[in-house]
There are 2 protein chains.
Amino acid sequence: MPIKVVALAGGIGGARFLKGLRLIDDLEISVIINNGDDINMHGLRICPDLDSVIYNLAGESDLVRGWGRKDETWVVQQQLAHYLGEEQWFNLGDKDYATHIYRTNLLNNGIELSEIVKLQCAKWGIGLNLMPATNDFVQTQVQLTDGQQIHFQEWWVKHRAALPATGFELIGAETAKPAPGVLDAIAQADLIILPPSNPIVSIGMILRIPGIRAAIMAASAPVVGVSPIIGGNPVLGMADKCLTALGLETSATSVAAQYGDLLDAWLIADTDDEQVSAITNLGIKCESAPLLMTDDQAAKEIAMRAIGMTR
Amino acid sequence: MPIKVVALAGGIGGARFLKGLRLIDDLEISVIINNGDDINMHGLRICPDLDSVIYNLAGESDLVRGWGRKDETWVVQQQLAHYLGEEQWFNLGDKDYATHIYRTNLLNNGIELSEIVKLQCAKWGIGLNLMPATNDFVQTQVQLTDGQQIHFQEWWVKHRAALPATGFELIGAETAKPAPGVLDAIAQADLIILPPSNPIVSIGMILRIPGIRAAIMAASAPVVGVSPIIGGNPVLGMADKCLTALGLETSATSVAAQYGDLLDAWLIADTDDEQVSAITNLGIKCESAPLLMTDDQAAKEIAMRAIGMTR
């Protein structure tokens, strides 16, 4: 019998972790992916985290740039800039545009996002069961210190998370429902994993979809997380900016405390070993190990170590 | 005072003619462009004739291929084919896709097609007043001998006009209205020109938008046309296939008869000189001249000759 694993994931950090996780034998992996980054650009629905995970698992992602497709070209974006006559802060490659055209057309024809993700996975031959957290359109908004609210993508991509922020809202969350299969996967899981994704705007936003946090709390499966912070810095991405915006410390302990009673076990970096006792004092089993996902094999070993903490 | 000229135009034939027409001094040129070829592909609104005219006047068209943008790439199309897993008969380049994304987004935001055309013209620095025949979505359908109806683009592009046809309908024409400015331009014109465009599916479909034919008949301006047929062949495109589908001869005389009492004057090819008397007998002033639009200068001379017939 394979072990049923459910992982929650944001973009690049989650995607790298999943590339290791899927190398482990006898796992049946379901992944619940953040929609908070979703945005409509030029009338097309962009789902950055879904695409990041799919492109990475397909071996089609650009590993240097950290987002989008490898061997990408930029003709459509350049031409749109010609028409729009303004600086475009949200650039998308031509291969990427095809994904957004394909998805938007299906959405406009009444196909649910979760079905479209299945079609994408089939086309790329991805064996994992990928699911959006929700089929509803939700968007993370950033509350700025000057009172303004802007879309997370604008804050993240245009302003490189440099504008002082005080909070993050998930617009549309109140009425959003978990995508089909999400709650069942959680209920039937043997193990739930929180990969080293951004705890605030990636995994945090998945947990804001009504029913998902409660389902994880109610599930019989243990929950193990892998710290996205090594020392005072994020492994990948800009989690530190989000933690700082909320007045939180950028540390493995701080993130563990954020997840709170959701966590049964927390794997932190070997260099953060001195934090083990503080985290254990939170009532969370804690171990340390090398956490740099230098390649798929390194990610696999991190995943095996995390799984091992619960068995 | 400039001479106010209104031209009706389809795609490539009309576009080439307009490149010559605009070289003539002291003309104020308005162009009414066929929407019958319009089609929704992958959720994007494609307007082939509008784009052909704009791209040609912008010096951005591919003169060898005869449609679309020059120096084009095909990444989006190739990726869409990957997702759709089927042969795509309607190929669009990456630069072209940007146009369709731009237009569709504006349409979905309630901007009228005629306004979008103005924005496109401004971006490309096109001095002429280009107008779609209608802002409503109309589509030319081909009636096949086997009883089926297919979209004109499918017949034209996929089947290269090789399926036996018996007629052409403009779906949506009954309720379509001329775009803003169209009827006024006709009423105020000093001269109305029918360029060497396809008489059935280009100019013919413009004339099916309720009110346009009547406005031309009622206008004080003389109407001069340039034959799209030289000998038994179309100058450009496949007008012969459309004429044959309707049981009509492919000749300058046949097209003049089709336009009928709409025409005051009809310029035919010098090599068709023997048809002048037959056309004159239809009550239409007729002259012959070299009609090959080998370059813009040749097109200008044809346009000057046509204008000269009415003055």
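All values reported here derive from a predicted model rather than from experimental measurement.

1. Considering the pattern of salt bridges
Residue and element names in this part refer to chain B.
Item 1. On inspection of all chains with the given rule, the structure shows 14 salt bridges over all chains.
Item 2. Ionic pairing is found between Arg103 and Asp51, a salt bridge with its closest N-O pair at 2.9 Å. Of this pair, Arg103 sits in helix 4 (residues 94–108) while Asp51 sits in helix 2 (residues 48–57); the two residues are 52 residues apart in sequence, bridging distant segments of the chain. For the pair Arg103 and Asp51, one class covers both residues: buried.
Item 3. The partner of Glu169 in a salt bridge is Arg208, with the nearest N and O atoms 4.0 Å apart. Here the residue Glu169 occupies a position in strand 8 (residues 165–171), and Arg208 occupies one in the loop between helix 8 (203–206) and helix 9 (212–218), the gap between them amounting to 39 residues.
Item 4. Classification of Arg208 as partly exposed rests on a relative accessible area of 38%.

2. Regarding unusual backbone geometry
Residue and element names in this part refer to chain B.
Item 1. Even without a glycine there, the phi angle at His42 is positive, about 55°.
Item 2. Residue position: His42 is located in the loop between strand 3 (39–41) and strand 4 (44–46).
Item 3. Phi angles above zero are rare outside glycine, and Asp71 is one such case at about 50°.
Item 4. Topologically, Asp71 is positioned in the loop between helix 2 and helix 3 (75–84).

3. Regarding the state of the cysteines
Item 1. Applying the stated rule across the entire model yields zero disulfides over all chains.
Item 2. In this model A:Cys47 remains outside any disulfide bridge; the closest cysteine sulfur is found in A:Cys121, 13 Å from its own.
Item 3. The thiol of B:Cys242 is not disulfide-bonded; the next cysteine sulfur, from B:Cys47, is found 19 Å away.
Item 4. Overall, B:Cys242 belongs to the buried group, its relative accessible area being 0%.

4. Description of the confidence of the model for chain A
Item 1. Residues at a pLDDT of 70 or more form 100% of chain A, whose mean pLDDT is 95.
Item 2. Predicted as a complex, the structure gets a pTM of 0.93 and an ipTM equal to 0.90.

5. Notes on empty space enclosed by the protein
Using a probe with the size of a water molecule, rolled over the atoms, empty space left in the structure can be pinpointed.
Item 1. Summed over the entire model, instances satisfying the criterion amount to two cavities of 30 Å³ or more.
Item 2. Considered as a void within the structure, the largest cavity measures approximately 80 Å³ in volume.
Item 3. What lines the largest cavity is a set of 13 residues, among which A:Gly43, A:Leu44, B:Gly43, B:Leu44 and B:Thr104 lie closest to the centre.
Item 4. Counting residues per element, the ones that place at least two in the lining of the largest cavity are helix 4 (94–108) of chain A together with helix 4 of chain B.
Item 5. In terms of residues, the lining of the largest cavity owes the most to one element, helix 4 of chain B, which gives four residues.
Item 6. Here the residues of the lining of the largest cavity are counted per class, giving four nonpolar, nine polar and no charged.
Item 7. Empty space within the second largest cavity amounts to approximately 30 Å³.
Item 8. Surrounding the second largest cavity, B:Ile12, B:Ser52, B:Asn56, B:Ser61, B:Asp62, B:Leu63, B:Gly66 and B:Trp67 form its lining.

6. Side note on helix 2 (residues 48–57) of chain A
One turn of the α-helix equals 3.6 residues, which is why residues spaced by three or four share an orientation.
Residues and elements named next belong to chain A.
Item 1. Of all ten residues that make up helix 2, ten are buried, and the element is covered over most of its length.
Item 2. By the burial criterion, the buried members of helix 2 are Pro48, Asp49, Leu50, Asp51, Ser52, Val53, Ile54, Tyr55, Asn56 and Leu57.
Item 3. Two residues or fewer after helix 2 comes Gly59, characterised by a positive phi angle close to 70°.

7. Description of the sheet that holds strand 6 (residues 139–144) of chain B
Residues and elements named next belong to chain B.
Item 1. Sheet architecture is open: three strands sit in the order 7-6-8, paired in antiparallel fashion. Each of the sheet's edge strands pairs with one partner strand only, and the pair in question is strand 7 (149–151) and strand 8. Going across the sheet, the axis of each strand differs from the next one's by a mean of 30°, ignoring polarity.
Item 2. Alignment of strand 6 against strand 8, held across six bridges, turns out to be antiparallel.

The rules behind the values
Numbers given to residues run from 1 along each chain, matching the order in which its sequence is written. A letter from A marks each chain and a number from 1 marks each ligand, given out in the order of writing. Reporting in this predicted model follows two pLDDT cut-offs: at least 70 for local features of residues, and 80 or more for side-chain atom pairs to be given and counted; totals over whole chains, interfaces and linings ignore these cut-offs and use all residues. Values reported for side chains reflect all heavy atoms of the structure, with hydrogen atoms and water molecules removed beforehand. Salt bridges are defined as contacts in which a side-chain nitrogen from Lys or Arg sits within 4 Å of a carboxyl oxygen from Asp or Glu. What counts as a helix is a DSSP run of H or I of at least four residues, what counts as a strand is a run of E of at least two, and both are numbered from the N terminus. For each residue, the accessible area found with a 1.4 Å probe, counting protein chains only, is set against the maximum for its type, and the residue is called buried under 20%, exposed over 50%, and partly exposed in between. Whenever a pair of cysteine sulfur atoms sits within 2.5 Å, that pair is classed as a disulfide. Residue-level confidence of the predictor, termed pLDDT, takes values from 0 up to 100. Think of a 1 Å grid over the protein atoms and nothing else: a 1.4 Å probe that fits but is trapped marks a cavity, an open set flanked by protein within 12 Å on at least five of seven lines marks a pocket, and residues with an atom within 4 Å of a point count as lining. Grid points are joined across faces, edges and corners, and a volume is the space filled by probe spheres set on the points. Three categories are distinguished: nonpolar for Ala, Val, Leu, Ile, Met, Phe, Trp, Tyr, Cys and Pro, charged for Asp, Glu, Lys and Arg, and polar for the others, with Gly belonging to the last. We call two strands paired when DSSP finds no fewer than two bridges between them. Angles here are taken between N-to-C directions and fall from 0 to 180 degrees, while the axes themselves are lines fitted to C-alpha atoms, restricted in helices to the stretch in contact.

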